[in-house]
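# Tertiary structure, described
Given next are the chains, with one letter for each unit.
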Amino acid sequence: MTTPLTNLLDFDPAQLVAYCADLGEKPFRAKQLQRWIHQFGASDFNAMSDLAKSLRDKLATRAEIRAPAVISDHTSTDGTRKWLVDVGNGNAVETVFIPEENRGTLCISTQAGCAVNCRFCSTGKQGFSRNLTVAEIIGQLWMAEFELRRTHGIEPGPKGERQITNVVMMGMGEPLLNFEPTVTALKLMLDDNAYGLSRRRVTLSTSGVVPMMDKLSQECAVALAVSLHASNDPLRDGLVPLNKKYPLRELMAACRHYLAFAPRDFITFEYCMLDGVNDSDEHARELVALVNDPQVGVSCKFNLIPFNPFPESGLLRSKNPRIKAFAQVLMDAGIVTTIRKTRGDDIDAACGQLAGEVQDRTAVKQRMEKMAEYQKKFGADFGRIVEIPS
Ligand code: SAH
Ligand code: SF4
């Protein structure tokens, strides 16, 4: 039986040094190798011209550089580009590139499905399949950066203009429920011999896994976005079931604690605008009271996300004037508030639409069972198990 090849995309910088040491190589070789992989997008060891031929040969027999395969690749009329990426067993996740004037943002996924099962999110409605590996997470950035360079005729390597200047972990899945692989991927994003992004340009979005927020502050404090979506506990319990385990008071305390380590002096609160559910002036005033409370309050900005509807949600997007009025209440209280522009909705690339239309419906029951199992693992009763009409 042949031994499987080791995928070098799974390694953070320290692990690559250890891997090279096992091959009898010095740490600077690991650095060279890492540059080839993450700065030049190389997948062929033979092309790594400054590595000794003997090392290249050794690597070729034991290792590989393999990102998940791309199933489809669509570009929206507004330039947003969405890749559907195969993560095996009929599962696919999505990676979305959003070009803007002075930056290019990549939105990446961390899990196939999600066990949190928020009321308004189509990812949650698919159930949970599995955690992505490091190679599958960082592989999305690797694939997208070098694919974009190929498309625009930009040379690989540090001299070529970087296409992805910002990363947001806002695709499918709850990154803090796939903690170790997520942090390893974050470390690669920040490493100078890989993508060299500053901590301010990498944002992790969480539905509020309180203990893991503390852990993240210690291990890799990137910019943090928190999916708030409600101004009080009963409302949030119904929208983000995780709130039953980590209610607002604890969430706010975790945000305050995080700020001591964060690269920015505010937390971004995401707030999905749902018609008649969480979008009244009264809700906005309750939010102001919450975030300005001397005991529980947090320095923050608000990002209002117009809800992206999907058929089985039974929810509607708040009307634009309502969203503006809601924003005004927050801004009148001195809170910086933005309304997220919906990008790429002609190719289903907008927030919460990342469902992967290639979903195999027959596997839904299995994914629902996995969701229940995963929730139990975290000792939580945070997801109502919903059956999806087939
Ligand atoms: N699991 C993480 C990150 C992925 S979701 C989290 O929940 O924070 C990224 C953002 O999109 C979150 O704020 C999420 O609440 C929001 N979102 C999910 N479904 C949505 C939908 N249908 N319309 C608008 N925003 C949605
Ligand atoms: Fe999971 Fe985030 Fe969707 Fe909630 S909003 S189900 S945490 S991906």
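A brief look at the structure comes next.

About the thresholds
- Residues numbered from 1 in each chain as written.
- Chains lettered and ligands numbered in written order.
- Predicted model: local features only at pLDDT ≥ 70, side-chain atom pairs only at ≥ 80, totals over all residues.
- Heavy atoms only, no water.
- Near = heavy atom within 4 Å.
- Polar contact = N/O pair within 3.5 Å; in protein donor to acceptor, adjacent residues only side chain to side chain.
- Areas by Shrake-Rupley, 256 points an atom, 1.4 Å probe, with all protein chains shown as cover.
- Helix = DSSP H or I, 4+ residues; strand = E, 2+ residues; numbered from the N terminus.
- Salt bridge = Lys/Arg side-chain N within 4 Å of Asp/Glu carboxyl O.
- Buried < 20%, exposed > 50% of the residue type's maximum accessible area, 1.4 Å probe, protein only.
- Pairing = 2+ DSSP bridges.

## Remarks on the site of ligand 1
The environment of ligand 1 is formed by 20 residues, the closest being Phe120, Gly173, Ser205, Ser227 and His229. For ligand 1, an oxygen atom lies 2.6 Å from a polar atom in the side chain of Ser227. Between ligand 1 and the protein, one listed contact pairs an oxygen atom with a side-chain N or O atom of Glu270 at 3.2 Å. Burial of ligand 1 by the protein amounts to 95% of the accessible area it has alone, namely 530 Å². Going through the elements one at a time, β10 (202-206), β12 (267-273) and β13 (300-306) are the ones with two or more residues in the shell around ligand 1.

## Side note on the pattern of salt bridges
If you walk through the whole model with that rule in mind, you get 16 salt bridges. Between Lys58 and Glu25 there is a salt bridge, with its nearest N and O atoms 3.9 Å apart. Of the two residues, Lys58 is situated in helix α3 (residues 53-62) and Glu25 in the loop between α1 (13-22) and α2 (27-38); the sequence distance between them amounts to 33 residues. On the accessibility criterion, Glu25 (17% relative accessible area) is buried. Through salt bridges that share partners, Asp73, Arg81, Glu147 and Arg150 make up one connected network.

## Let's talk about the pairing of strand β5 (residues 92-99)
Taking burial as the measure, the eight residues of β5 include seven buried ones, the bulk of the element. In terms of strand pairing, strand β4 (residues 81-86) meets β5 through six bridges, oriented antiparallel. The residue bridging Arg81 from the neighbouring strand is Phe97, located in β5. In this antiparallel pair of consecutive strands, β4 and β5, the connection spans five residues, and Gly88 shows a positive phi of 85°. Alignment of β5 against strand β6 (residues 104-107), held across four bridges, turns out to be antiparallel. Counterpart to Ile98 in the pairing with β6 is Thr105. In textbook terms, the turn of a hairpin is the stretch between consecutive antiparallel strands, and for β5 and β6 this stretch comprises four residues.

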